[in-house]
Amino acid sequence: MSIDLKSENLYTQYLTRGKDEAKILGTSDIVKRSIDSGAADQLLNMSSLPGVIGLPIGLPDIHKGYGFPIGSVVAMDPDNGSISPGGVGYDINCGVALISTGVDAKTMRKYLRPLLDDLSSHIPVGTARSRNKLTESQIRTVVEEGIYWPYSMDMATEDDLIKTDFDGHLFGVDEVNISKEAYERGMNYFGTLGSGNHFLEVQRAEELIDHEASEVYGLVQDMAYIMIHTGSRGLGHQVATDYLEQIRALPHNLNLPDPQLSHIMLGSREADRYISAMNGAANYGFANRQFIIYQVRKSLTRVLGREFDAEEAQLIYNISHNLATFEDHHIEGRKRRLLVHRKGATRALPPDAVQGYYSGVGHPVLVPGSMGSASYVLRGKERNDAISMSTCSHGAGRSMGRKLARESISPERVKEEMKRMNIEYTFGNEIAAVEESRESYKNIDEVYAAITGSNIATGVAKLFPMGVLKG
DNA sequence: ATGTCC
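Because the structure is predicted, anything quoted here is derived from the model rather than measured.

> Can you lay out the overall build of chain A for me, pointing to particular residues and giving the numbers?
Counting secondary structure elements, chain A contains 15 helices and 19 strands. The burial tally for chain A puts 61% of its 471 residues in the buried class. Of all intrachain contacts in chain A linking residues separated by at least 6 positions in sequence, the fraction that spans at least 24 positions is 76%. Total accessible area computed for chain A in this model is approximately 18200 Å², and 48% of it derives from carbon and sulfur atoms. In chain A, 50 side chains carry a positive charge and 60 a negative one; their mean positions are 4 Å apart.

In structure tokens, the structure reads:
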């Protein structure tokens, strides 16, 4: 069926396909690419899920995923709506953490190669297993308590807790809702980075856009930072697989346009069980990122010695971009509670909706670019709940499928480009690096322009990679 | 995304 388009302005396009409706925040070029790739059809499929409030929204980095597009947000009526594991994705609580090093980029440059070597010898990448396997009792604590487990082990500071999305802990987890298989994968892969778009980067603050917010966040021109992108590894993947498998056999899920759109009604026993398991996987994701932050601090201490002061290596923020959560938003002039699915989409709460440490400023919104390109730190803009339910893009978004990338780009070309840009690299797998190369992704500056142009967030700082560790 | 196909 064909898709009709209506432009509201340069960065807001409405799509209609029969009775299905959706909105994409992005230029007509971004919308055109989403139609050509099939991502727009996936977004429109979401509109027929039970209990959608408003419209499914595609963000500027929208691209095709399994069932639901990556870079999408959809809110549900908590009383008569549904929840779909596909709207969260397989990597439950995938997210990004950014930490200061307190070291200037020039000094960091001298230690870059040994630092990457030290990091890669302590943080397994790709499919490599953990060097710090959890016991059965530890994994159960992690799933129930999230970041409080590393905190209890002196692997997190109090400051880390308050600068982590949801304070690094989601409630309502009953361990019986997570399978034995999921626990086993979780025990074996704790503290690992993973593959795909996951990475660890040493970055330099290249440009401060919003000087006041930069100061609050601890972003200083030409200082070095470390960004970590990873999620809940095999545990989250197994939870998603288990629940999709269980619910797709239910009668109402048998004739969907895509089995990944399988859903369950909020308030049902099945939905309660999925939410409990999803929150448990999210807690594991928070603990996993925190454990890697701890490893990074230890590496900096070992490699930089007296040039590094552990007190300076503060967290800027640890944010999630694959989660469904209950939140209050102003919709059509009134405040109401909604279940918001975000798949490859990051929260960008406006200043007045943020309590605690970043109250009145807004929490940092972390938007990594592709490998070999810039990353942005932004903050949510006032009244963005009416635009995107206070949601922002989570990255650049793919423009080329993995297969096409492998066929058209050589590892040599990627490595030459990294050298030309003076970016030190450690690739666990060269083919995987090709799939993640800059050429396979949209231009992050274009995505940034669409984010700010659509009034969902404003820029704080631009960071550029100095060194990268990839699965 | 993924012990990258039980």
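> So what's going on with the pattern of salt bridges? Residues and values would help.
Scanning the entire structure with this criterion turns up 34 salt bridges. Across the salt bridge formed by aspartate 36 and lysine 32, the nearest N and O atoms sit 3.0 Å from each other. Of this pair, aspartate 36 and lysine 32 both sit in helix H1 (residues 28-37), 4 residues apart, which is roughly one turn of the helix. One connected set of salt bridges, linked through shared partners, spans Arg398, Arg402, Arg406, Glu435, Glu436 and Lys470.

> Give me the lowdown on the packing of aromatic side chains, citing residues and values where you can.
In this description, a pair of aromatic rings is defined by centroid distance and the angle of the planes. Across all of its chains, the model carries 12 aromatic pairs by this definition. Taken together, a centroid distance of 5.1 Å and an interplanar angle of 80° make the contact between tyrosine 217 and tyrosine 358 edge-to-face. Remark: tyrosine 358 occurs in the loop between strand E14 (345-347) and strand E15 (364-367) and tyrosine 217 occurs in helix H8 (residues 211-217); sequence separation between them is 141 residues. The burial state of tyrosine 217 is the same as that of tyrosine 358; both residues are buried. Taking the centre distance of 4.7 Å and the plane angle of 20° together, the rings of tyrosine 425 and phenylalanine 427 count as stacked.

> A description of the protein's contact with DNA strand B should follow, citing residues and the corresponding values.
Near DNA strand B you find 17 residues, and of these Tyr66, Thr127, Arg185, Asn197 and Arg233 are the closest. Each atom of DNA strand B within 4 Å of the protein belongs either to a base or to sugar and phosphate, the latter forming 49%. Within the contact set of DNA strand B, a sugar or linking oxygen lies 3.2 Å away from a side-chain nitrogen or oxygen of tyrosine 189. Take histidine 237: an N or O atom from its side chain is 3.3 Å from a sugar or linking oxygen of DNA strand B. Residue assignment for the surface near DNA strand B shows that the elements contributing at least two residues are helix H7 (180-188) and helix H9 (233-247). By residue number, the principal contributor to the surface near DNA strand B is H9, which donates 3 residues. Here the residues of the surface near DNA strand B are counted per class, giving 3 nonpolar, 8 polar and 6 charged.

> How would you explain the sheet that holds strand E2 (residues 12-17) if you had to name every residue and give the values?
The 7 strands are arranged E1-E2-E3-E4-E5-E13-E12 in an open sheet whose pairing can be described as mixed. Looking at strand neighbours, the two that pair on one side only are strand E1 (4-9) and strand E12 (322-331), the edges of this open sheet. In this sheet, neighbouring strand axes are inclined to one another by 25° on average, regardless of whether the strands run parallel or antiparallel. In terms of strand pairing, strand E5 (residues 70-76) meets strand E13 (residues 334-343) through 5 bridges, oriented antiparallel.

> An account of helix H3 (residues 105-122) is requested, with residue identities and associated values reported.
Structural remark: α-helix, 3.6 residues per turn; residues separated by three or four positions point the same way. By the largest-angle criterion, tyrosine 111 marks the main kink of H3, which is about 60°, and a proline, proline 114, follows within four residues. Along H3, the residues that are buried comprise Ala105, Thr107, Met108, Tyr111, Leu112, Leu115, Leu116, Asp118 and Leu119. Buried-residue contacts for H3 involve strand E7 (95-104), strand E8 (199-208), strand E9 (223-230), helix H10 (269-304), strand E18 (424-427) and strand E19 (457-470).

> If you had to explain the packing of H3 against H10 to someone new, which residues and values would you point to?
Where H3 contacts H10, the axes come no closer than 9 Å and their chain directions differ by 130°. Taken as axis vectors, H3 and H10 run oblique relative to one another. Between H3 and H10 the crossing geometry is right-handed. Here Met108, Tyr111, Pro114, Leu115, Asp118, Leu119 and His122 of H3 come into contact with H10, specifically with Gln295, Val296, Ser299, Leu300, Arg302, Val303 and Leu304. Residues belonging to the contact of H3 with H10 are distributed by class as follows: 9 nonpolar, 3 polar and 2 charged.

> An account of the pairing of E2 is requested, with residue identities and associated values reported.
By the bridge criterion, 5 bridges tie E1 to E2 in an arrangement that is antiparallel. Paired with asparagine 9 across the bridge in E2 is threonine 12. Linking E1 to E2, which pair antiparallel, is a turn of 2 residues. As paired strands, E2 and strand E3 (residues 20-25) are joined by 6 bridges and run antiparallel to one another. Along E3, the bridge assignment pairs threonine 12 with leucine 25. The loop that links E2 with its antiparallel partner E3 comprises 2 residues; one of these, glycine 18, has a positive phi angle of about 60°.

> Break down the environment of asparagine 429 for me, citing the residues and quoting the values.
In this fold, asparagine 429 is placed in the loop between E18 and helix H14 (430-435). For asparagine 429, a relative accessible area of 36% gives the class partly exposed. In the structure, asparagine 429 is positioned 18 residues away from proline 411 in sequence and 9.8 Å away in space, judged by C-alpha atoms. A distance of 3.1 Å separates the side chain of asparagine 429 from the backbone nitrogen of alanine 432, its partner in a polar contact.

> So what's going on with the pairing of E12? Residues and values would help.
With 7 of its 10 residues buried, E12 lies for the most part within the structure. Examined bridge by bridge, E12 and E13 share 10 bridges and lie antiparallel to one another. Directly across from leucine 323, in E13, lies its bridge partner arginine 342. Counting the residues between successive antiparallel strands, the hairpin from E12 to E13 contains 2 residues, one of them, glutamate 332, with a positive phi of roughly 50°.

Rules used in this analysis
- Residue positions are counted from 1 within each chain, in the order its sequence is given.
- All chains are assigned letters beginning at A, and all ligands numbers beginning at 1, according to the order in which they are written.
- The predicted origin of the model limits local features to residues at a pLDDT of at least 70 and limits the giving and counting of side-chain atom pairs to 80 or more, whereas totals for whole chains, interfaces and linings rest on all residues.
- Calculated side-chain values reflect all of the structure's heavy atoms, with hydrogen atoms and water omitted.
- Think of it this way: any DSSP run of H or I at least four residues long counts as a helix, any run of E at least two long counts as a strand, and we number them from the N terminus.
- Exposed residues in this analysis have more than 50% of their type's maximum accessible area, buried residues have under 20%, and partly exposed residues fall in between, with area computed by a 1.4 Å probe over protein chains only.
- Here, two residues are considered to be in contact whenever any of their heavy atoms come within 4.5 Å of each other.
- To be clear on the numbers: accessible area is Shrake-Rupley with a 1.4 Å probe, and residue cover counts the displayed protein chains and nothing else.
- Under this rule, positive means Lys or Arg and negative means Asp or Glu; His and the chain ends count for nothing.
- One atom stands in for each charge, and that atom is NZ of Lys, CZ of Arg, CG of Asp or CD of Glu.
- Every case where a carboxyl oxygen of Asp or Glu lies within 4 Å of a side-chain nitrogen of Lys or Arg is listed as a salt bridge.
- Aromatic pairing here means that ring centres of Phe, Tyr or Trp (its six-membered ring) are within 6.5 Å. Orientation follows from the plane angle: under 30 degrees is stacked, over 60 is edge-to-face, and everything else is tilted.
- Summary of the distance rule: residues count as near a molecule or strand when at least one heavy atom falls within 4 Å of that molecule or strand.
- Within 3.5 Å is the distance limit for a polar contact, defined as a pair of N or O atoms, with the added protein rule that one can donate a hydrogen and the other accept it, and that residues adjacent in sequence qualify only through two side-chain atoms.
- Residue polarity is assigned by list, with Asp, Glu, Lys and Arg as charged and Ala, Val, Leu, Ile, Met, Phe, Trp, Tyr, Cys and Pro as nonpolar; anything else, Gly included, falls into the polar class.
- One requirement defines pairing of two strands: DSSP has to find at least two bridges between them.
- Where helices are involved, their axes are fitted lines through C-alpha atoms of the stretch in contact, as for all axes, and angles between N-to-C directions lie from 0 to 180°.
- Consider a residue and the seven residues that end there alongside the seven that start there; fitting an axis to each set, the bend is the angle between those axes.
- Roughly parallel refers to an angle under 35 degrees, roughly antiparallel to one over 145, roughly perpendicular to one between 65 and 115, and oblique to any angle outside these ranges.
- Crossing handedness: left-handed means the near helix sits turned counterclockwise from the far one by under a right angle, and right-handed means the same turn made clockwise.

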